[in-house]
Amino acid sequence: MSTFVALTASGLAAGAIAALAAVGFLLTYKATGVVNFAQGDLITLGAYIAIWVTQKEGMFGLGALDLVPGYIVTVLIMFAIGMVLERLAYAPLRGRSIHVIVITTLGAALVLRAFIGLWQGTTPKFLDSPLRGEVVGIAGANISQQRVLIVVVTIVVVSATIALFAFTQFGRQLRATANDRDTAKLCGVPVNWLSMLAFGLSAALAGVAGILLAPLGSVDLTLGFNFMLLGFAAAVLGGFGSIGGVVVGGVAIGLVEHLFGGYVGRDFKAMYPFILMLLIIALRPQGLFTRGSVQRL
Amino acid sequence: MRGQPYLWLGLFLLGVALYRQYGVTGLGDQDLINTWLYYSVIVVGFYLVFGVSGQFAFSQAAFAAIGGYTSAWATRIALFGVDSFWMGLVVGIVVTAVIAVVFSLLMRRASHFYFAIGTLGLSEIVLVLLRRWTEFTNASGDTTAGIRRASIFGFPFDDSYRQFWLWLSALAVVLLLTIWLARSPVQREAMAGRDQEVVAATVGVPTLRVRVAMFVLGSVIAGVAGTIFVHTKTFATPESFGIDLGLGIFVMLILGGLESRWGPIVGAAFYVFVPQWLQGGVLGIPGVEFTVDAFGQEHRLGDFRDIFFGSLLVITMIAFPEGLVGIGRRVKSLLLGRVHPAQRTWLSDLFGITPRKKERDRQPPPPRDDGRPPGSVGAEHPPVTGSSAPTVEGNRAPDPDGAAPAVLVADDIRVQFGGVRAVDGVSLSVLEDEILGLVGPNGSGKTTFLNALTGVVPASGSVEVHGAGVPFGKPWRVRRLGVVRTFQAPQTYIHLTCLEDVLLSAPDRTLSGMTAACSVRPAMISRERARWDDAAAALEQVGLGDVAEDPTARLSYGQRRLLELARAINAQPRILLLDEPSAGLDASETEQLAEHLRNLQREGVSMLLVDHKLDFITSLCDRIAVLELGQLVAVGAADTVFEDQRVVDAYLGVDEEDL
Amino acid sequence: MLELRGVEVSYGAVEAVRGIDLDVLEGEVVALIGPNGAGKTSTLRAISGLTGFRGSIRFDGIDCRRLSVQGAARRGLIHVPEGRRVFTTLTVHENLLVGTTARRGRADAYSLDEVYELFSGLAPLRRRLGGALSGGEQQMVAIGRALVAGPRLLLLDEPSLGLAPKVARSLFAALRKIAVRTPLLLVEQNTVMALKVCSRASVIVNGRIVLEGSAAELADRQTLVASYLGEEPAVAAVTSDGSG
Amino acid sequence: MRLKRSVCALLAVGVAAGATAVGAGTAGAGGGGAPTVKIILLAETTGESPAAVPYYANGAQLAADELGSRVEYSRIAAPLTPAAAETALNQALDEDPDAIIGFPASSQTIAISQRIVDSGIPFFSLSSGEQLVKNGPNGGDNIFLIRPVDTNVATKEAEYVVDDLDAKRIGMLCVDNATGVNGCNAAREVFDAARGVEIVAERTNSTTATDLTEQARAMDGADAIIDFNFPNPIGVFAQQLIDNGIDVPHVDGASAGIAVASGAVTGDAAVNLRGVDDCVPTVSKSRKVRNWVSDYEGVSGGEPPIYSAAQAYDMVKLIAAAARQAESVAPRRLIRTIAGMTYNGICARYQSDDLNVLQHTADLTRWNAEGEIRVAKRFRFAPNELAGVVPETTIPPTTVAPAPPPS
């Protein structure tokens, strides 16, 4: 029983992580129609920046910050990086086909990863967390508070994102831009500025994800990419574009990997989320939780 | 035909072989050359998958792994009692092909982007299997060792110098395949399906089948490369086929240029040799040993490999999406002072270099900027309904004389977009040998009606052609029944030549598949000759004979209209649906068009003609149907119809007092 | 307040607008009428900056070439594009809220309540998605979205396109009310209705203005038809057939 | 041929003129009696693999700088896949070196061992798979193992669990590559042979795992855990063991040190953890080693050295010493000299045994809750002894001689 609870908790946390990774790229997707393949490496970068500002002599030798202020600084830096990324790798390509933009984000991902490797080396690093080593006990299972925190933050981030899109003028403008860019311009919506903000927010979310994920293990160059792949699977299950759906999708793949995989075919559990994803693409390309159909002749 | 691809292939192979014989001085260089050939083979496969048929796939490395590991397994257990590398190769090919077919069919409904994610998922699954399924991989730790060495007639490929010949042969075969494909219907159809899937389907291209065939061929090529790789190295690790290779394959194709079969080879050369050169020399060329101090550590330039290629990828996409081969061509045309005809065109289509401009080029005024993606059909605005428009009995019965039977019967066709009923219960029949005009104001649902008839949009109701029911949503089946259509904005595959474009609609589809392209070539070519003759005749007929070999992108607007017509003529339709064929044509061009249509009518083609030039319509049509707000308001002979006050109102506006 | 001089628009080899001069004065309602493909829409797109052009366009004395699309909107040059381009994934109310983006403190802007009052049919639909509306409702949303931006000049492209007569009539009734407060440049195929709203009209055929005059002058149907059909004699014949 | 040379010469002139910095090395005319020895290091310093670390390069470079004209040192980047390693080896051989130091991953060395043996050039392996020992399936006269044999270390670890920790119920975790598989095989042999010892659970994990709840909970009831893993999963696993109340000693190999140094393991988890390092230069009390550590930090930008930096340094020095002693760089004489000599290095006292293994000690390390390291026990490995668990699949030695280069 306690193993079941523990594995369920692992599944939920893994699902929350996937959802957190996914919300970042869904944000740019919803605002600009572009899926940013560099999102995974932005997550990695977020973790490394947090390490940089909180450890040793801190950023630019200004002294190490405490964890929480360090986290905030990291998220701000990531926001700025996202805006710069939009200017360098996306804005010059506006109006070009989706192929071009996706390939460019792949290029950006390669550069980011290699840059981190040069900057921080390949030796694993560690980011501390105030909740380190703390656990909560549920039905005989001890669940680390960091994982609980991830679930909580995911819920908050997802709710905030949904609220942002639904109830703010900014969100409405983003949706309008994604829906019909020209008409949005005719309404006076500053579409270029909005894409920059969307990329900035998306990178900031990547920073949040990096900060939360890093203390689970240690940080190396592949940290974000693996989570991004799971994020893709979660987003596909949720019907790509539905931010609420991604949480359900994430939970589904988390449970499939950890709970199902904890009992059946343990050695192969890492591939279960992707098998589920392929099945969804094949059978229900519109996702599990959205209605309507995807037409492809 | 065009160019001398065999000559170039021969020269290339000879050049590489001669260099190998007289230029290579050490095993290190030989290894790099082999690696270059290995990557070239895989990337040529990717060129077919992504370059030719536009499928965004990350699965090449995974298929290389599948081919390689399967073959290693088959030779290890001596499957079928055969202990031979060649048996392993065949088993590898078969297994790769089966998995590729199944995967491709599973992904058939996936959009480009989902397809990309799906292939990433497949790669992950394959990697997990390679790491964990040791019964199959026979790996100790992560290395599968002792794989049977490739050999031929007892001649083992046991060092890099000998393996070179195996790689060179593999690349020769693969390049030969691309030449064959380029001169076969399959590649043409794949490119057409990539650029204008709906249009291609309506002229009878089995887009799904072609797409799957290209994916499978490209994946099998990767599988073969993987097989040769493991049997020459005699060991394998999952990392050899990891995401690094997957991304590298992308980099190579994009850098090299994806419009040419030489792109992969140039790209692979760049990818393999340039970092080596930056590390300290390659192929006898001394390198630049340039060190950089980064973050307190000294690094050589070659250590920046990923930053280098990542940035190049971004720069390539922004500045020269046609890649190195494209740059070469540009330089060549600059030096020779002539413009390479098809150079930018299909790339600009795939990559949308100038999408808006092109869209405008294609479109007659006024621009129909209605928020649909460029190239989508059915740019008619859905009208509103709810009015009590007069219902007209769709004449299921033949016209008053009772003589001509109906060839196409549409009954109660309804199309709805969101809350808008674009076509609201239209019943209409086209009679044998007649030209039926369909007119109506903008947004009355004319194009949507045609889209419904040809299966391009989801609709309800029923359509019968010569008594046979037509399913909705399957354009190629509609075409098979002899129904051919043209589009409101002329939809041409602008990187194809006019002849190739017209060839797409050939009614004779024998020997046009992948197998024919790769096996019974003489028969295929003679068929293809016959098809070419027909297509050329069709072009001649519309007066485009002298531009037959030009890329369609060069055509003027009016010529594109005529090209569409030639495509329709070449299809030998029984029923032709024409969507505003006169739009954007001047008076003399319109007259020319009318003449062609009359000729077709004399040849026994029934037509449904949507247009808004009333003189053109009245001069051609036996009967005219008037559509307004998705409903028929009148059907009959031209003079009767235009006496109808409602029809006049529909064109000039309804005064409220009139109602 | 709007001044077009020698405006030409071409798409590749196709010339859509071949040199148009046009003025809209403060408080005026001008209609641009003409058959399909005459260049009406292209003219509007040039004004709002959605397409490039040759010649000069000035709004309030400012060269429109120097304004971005958004900038023009923020100065009160509001374009309601052809085809009722509502944001299909936003609700009616959200569409209107996006419309307020360009308002920039203009006091004469319609409030959301005023829009619901003007288009009373929209009030019960405020939470419905734009994509789920009928054509007439979509057109009302599109116009309402423009009104809340506080237009100093409203460019309307074919508002009656594809609408049932009854719906079109009620729309034009609303336009007449709007015209009292806001200058309009109206592009229409439905000449009869257009002439009832406007004070002045220009007839554009094949990218050139062939006829200009007050609404009253142009109301004579025969004159209009002749100008309209100047280059299409067959249609004239048909119409004469039609009218006996 | 002549044409090609002249083209190359032209290019060389052009490039040399354009290049801002030309690497050192071509100027090495040896002084005195000792011949100049040409050493190539095969390792990459950047890339995604955890083996792409600067330690080897920094250590070797430091030694080369100290030796000046006595060595001609260069490095060729060798990415982690065996195929890339083969290319790198062939590139190195084309440069006609006198000794090669190479390949952090044993899969690289094992896969191309035949090529290495055929070359006849002394090769110092940075990895220490058992197959590579002199009489092993992938070994040869010219392949020297710098480090103690992997399986010997694993066996010692297992014996430590049984004898020193007195554990009866043991949990095992193995990463899904050579490290995990070979280590677990060797340890299992020990446990199976010991009386009254039971393996309560054996699990695997991937190198990138970030949640090992299932694996950690399976260890419930064990008195000790042995683990052959990568640094990342160790951090996750050690923490999750504590989270799930499994507070027992936890023995791992060299990765444990990296995991603790990164900060991923602290507190009770660090106290429970034991690692095994070939040497820990930073805690040495010897003046020589301390000086070396500060020299190293000078070239590494302040990054403290680990065993691999010391070993790469030692090997360059050892090769130079052997060349001086042999007064020749002829491969046979060099190999013979190395086989017979003793060299006192920073990391250890190196002396070749009959298996061509140079180092015979390793340190069991422990940490306090703050992550400070100490050496708790020194393992000594008897010369010529092998734990004897050769993995089943190995490359059979072939006798085919390499084809001569084309003329």
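Procedures and definitions
Note that residues are indexed from 1 along each chain, following the sequence as it is written. Written order determines the labels here, with chains lettered from A and ligands numbered from 1. Per-residue local features are limited, in this predicted model, to residues with pLDDT of at least 70; the limit for side-chain atom pairs, both in listing and counting, is 80 or more; totals at the level of whole chains, interfaces and linings are taken over all residues. With hydrogens and water excluded, all non-hydrogen atoms of the structure serve as input to the side-chain values. Under the DSSP-based scheme used, a helix requires at least four consecutive residues in state H or I and a strand at least two consecutive residues in state E, with every element numbered from the N terminus. Any two residues whose heavy atoms approach within 4.5 Å are treated as being in contact. Here, Shrake-Rupley sampling with a 1.4 Å probe gives the accessible areas, and only protein chains in the shown set may cover a residue. Only C-alpha atoms enter the radius of gyration; for comparison, a globular chain is expected to reach 2.2 Å times N to the power 0.38, where N is the number of residues. Working definition: with a 1.4 Å probe on protein chains only, accessible area under 20% of the residue-type maximum means buried, over 50% means exposed, and in between means partly exposed. Criterion for a disulfide: a pair of cysteine sulfur atoms at a distance within 2.5 Å. As a working definition, buried area equals the accessible area (1.4 Å probe) given up by two parts on being put together, with both sides summed. Salt bridge, as applied in this entry: a Lys or Arg side-chain nitrogen positioned within 4 Å of an Asp or Glu carboxyl oxygen. Definition used in this section: a nonpolar core is a set of buried Ala, Val, Leu, Ile, Met, Phe, Trp, Tyr and Cys residues joined via side-chain atoms within 4.5 Å.

Draft legend 1. Up close: the overall build of chain D. Across its full length, chain D holds 14 helices and 14 strands. Contacts in chain D between residues at least 24 apart in sequence constitute 66% of all its contacts with a sequence separation of at least 6. When the accessible area of chain D is evaluated, it comes to approximately 15200 Å², of which 50% is carbon and sulfur surface.

Draft legend 2. The overall build of chain A, seen in detail. Within chain A one finds 11 helices and 2 strands. In chain A, the order of α-helices and β-strands from amino to carboxyl end is α-α-α-α-β-β-α-α-α-α-α-α-α. Its C-alpha atoms give chain A a radius of gyration of 19 Å, near enough to 19 Å, the size a compact globule of 297 residues would have. Projected onto its principal axes, the C-alpha positions of chain A cover 60 × 55 × 35 Å. For chain A, with 297 residues in total, the buried portion stands at 64%. A sequence separation of at least 24 residues applies to 72% of the contacts in chain A between residues at least 6 apart.

Draft legend 3. Structural context of the state of the cysteines. All names here are of chain D. In this structure the tally under the stated criterion is 2 disulfides over all chains. A sulfur-sulfur separation of 2.1 Å characterises the disulfide bridge that pairs Cys-174 with Cys-184. Since a negative S-S torsion denotes a left-handed disulfide, the Cys-174-Cys-184 link at about -105° is left-handed. Of the two residues, Cys-174 is situated in strand β6 (residues 169-175) and Cys-184 in helix α7 (residues 178-193); the sequence distance between them amounts to 10 residues. Taken individually, Cys-174 and Cys-184 each receive the classification buried, so the pair is uniform in this respect. Bridging Cys-279 to Cys-347, the disulfide has an S-S length of 2.0 Å. Taking the torsion about the S-S bond as the criterion, the Cys-279 to Cys-347 disulfide, at about -110°, is left-handed. One end of the pair, Cys-279, is in the loop between β10 (273-277) and α12 (287-300); the other, Cys-347, is in the loop between β11 (342-344) and β12 (349-351), and 68 residues separate them in sequence. A relative accessible area of 5% places Cys-279 in the buried class. Exposure remark for Cys-347: the relative accessible area of 7% places this residue in the buried category.

Draft legend 4. View of the interface of chain A and chain D. Between chain A and chain D, the residue contacts involve 35 residues of the former and 32 residues of the latter. Taking both partners together, chain A and chain D bury about 2600 Å²; carbon and sulfur atoms supply 46% of that area. For the pair chain A and chain D, the number of links is 2 salt bridges. Residue Asp-211 of chain D pairs with Arg-147 of chain A through a salt bridge whose shortest N-O separation is 3.1 Å.

Draft legend 5. Summary view of the interface of chain A and chain B. Chain A puts 45 residues into the contact, and the matching count from chain B is 54 residues. Carbon and sulfur atoms make up 75% of the area that chain A and chain B hide from each other, which totals about 4900 Å². Between the two partners, chain A and chain B, sit 1 salt bridge. In this structure, Asp-267 of chain A engages Arg-132 of chain B in a salt bridge whose closest nitrogen and oxygen atoms are separated by 3.9 Å. Within the residue set of the side of chain A that touches chain B, elements represented by two or more residues are α4 (98-120), α9 (223-238) and α11 (272-283) of chain A. Sorting elements by how many residues they give to the side of chain A that touches chain B places α4 of chain A first, with 14 residues.

Draft legend 6. Local environment of the nonpolar core. Counting residues in each nonpolar core, the largest one holds 217 residues, and the members touching the most others are Phe-37 and Phe-240 of chain A together with Trp-36 of chain B. The leading source of residues in this core is helix α2 (residues 27-52) of chain B, at 17 residues. The contacts of Phe-240 of chain A, once residues within four sequence positions are left out, are Phe-25, Leu-26, Tyr-29, Val-35 and Ala-235 of chain A together with Phe-113, Tyr-114 and Ile-117 of chain B. The next biggest cluster of nonpolar side chains, apart from the first, holds 50 residues, and it includes Tyr-110, Leu-118, Leu-195 and Val-205 of chain C.

Distances and angles like these do not, on their own, reveal function.
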